[in-house]
Amino acid sequence: MRTLILLMGGKSSRMGADKTRLELNGRPIIDGIIDELSPHFPEIILSTNEPERYSRLGLPSVVDEIPGRGPAGGLLSVMNAFPRDRYQVAPCDTPFIDGFCLARAFDMSEGSDAGILSSPDGFQPLLSSYSFAARDAFERCVNRGVFKIMACLDGLNVRKITVAELGLDDDSWRRFFFNVNSPEDLELAKAMASSGGPASARIDGK
């Protein structure tokens, strides 16, 4: 079974509002993300320090064991609460995410400690997968005050997965990784949605 950790975000200071309550096409962005991902990831776990906000979603949630330790701390807390062989990670503000592509990347990372998505813009650790074997590395980093995921991967067996391997062309990968961090981003997302909707890379017609 594929397990996904949905990172519900921090203070949303650039947006000035709770990003998980933002709407696109008349419905919350987070609802669209869950609808897109749930057919491919039967288990979705929320990483959040405010679980009561998301009780309506009906998904399990994990509060950071020690708040303020960034994505690495959130990931470690979920690993401790829900031991699984492997976890896919996704953020709550990527309205054009493609569940099929993300599941394909998850499967391609099998046998590695981490399957890191790589785009022409660089590595995308918040849209990557991590095995339970990487838990100790995250714990060591967090205990040292290192909270960025990429900084925790030294010495691990990392599988780089490129957008070309996922069959994403230039337009598709930009949509796939697009995230809403500011009011300007939200307006751009609305324009993108009206011009074609989510990125879609269905390989072999699937």
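What you see is a predicted model; the values in this text were computed from it and never measured.

Peer 1: A description of the side chain of Ser118 should follow, citing residues and the corresponding values.
Peer 2: For Ser118, the position within the fold is in strand β7 (residues 114-119). Ignoring sequence-local partners within four residues, the contact set of Ser118 consists of Phe123, Lys160, Ile161, Thr162 and Val163.

Peer 1: Just give me the short version of the environment of Met1, but keep the residues and values in it.
Peer 2: Looking at where Met1 falls in the secondary structure, it is placed in the segment before β1 (3-7). Among the residues examined, Met1 registers a relative accessible area of 71% and is labelled exposed. Considered as a pair, Met1 and Arg86 are 85 residues apart in the sequence and their alpha carbons are 9.3 Å apart. Excluding residues that lie within four positions of it along the chain, Met1 makes contacts with Pro42 and Glu43.

Peer 1: Please give an account of the side chain of Ser77 that cites residues and values.
Peer 2: As for its position among the elements, Ser77 is in helix α2 (residues 70-81). Take Ser77: its relative accessible area is 4%, and that puts it in the buried class. For Ser77, the residues in contact, after removing those within four places along its chain, are Val62, Val63, Asp64 and Glu65.

Rules and cut-offs
- Residues numbered from 1 in each chain as written.
- Predicted model: local features only at pLDDT ≥ 70, side-chain atom pairs only at ≥ 80, totals over all residues.
- Heavy atoms only, no water.
- Helix = DSSP H or I, 4+ residues; strand = E, 2+ residues; numbered from the N terminus.
- Contact = heavy atoms within 4.5 Å.
- Buried < 20%, exposed > 50% of the residue type's maximum accessible area, 1.4 Å probe, protein only.

From the geometry alone we can't say anything about function, so treat these as descriptive.
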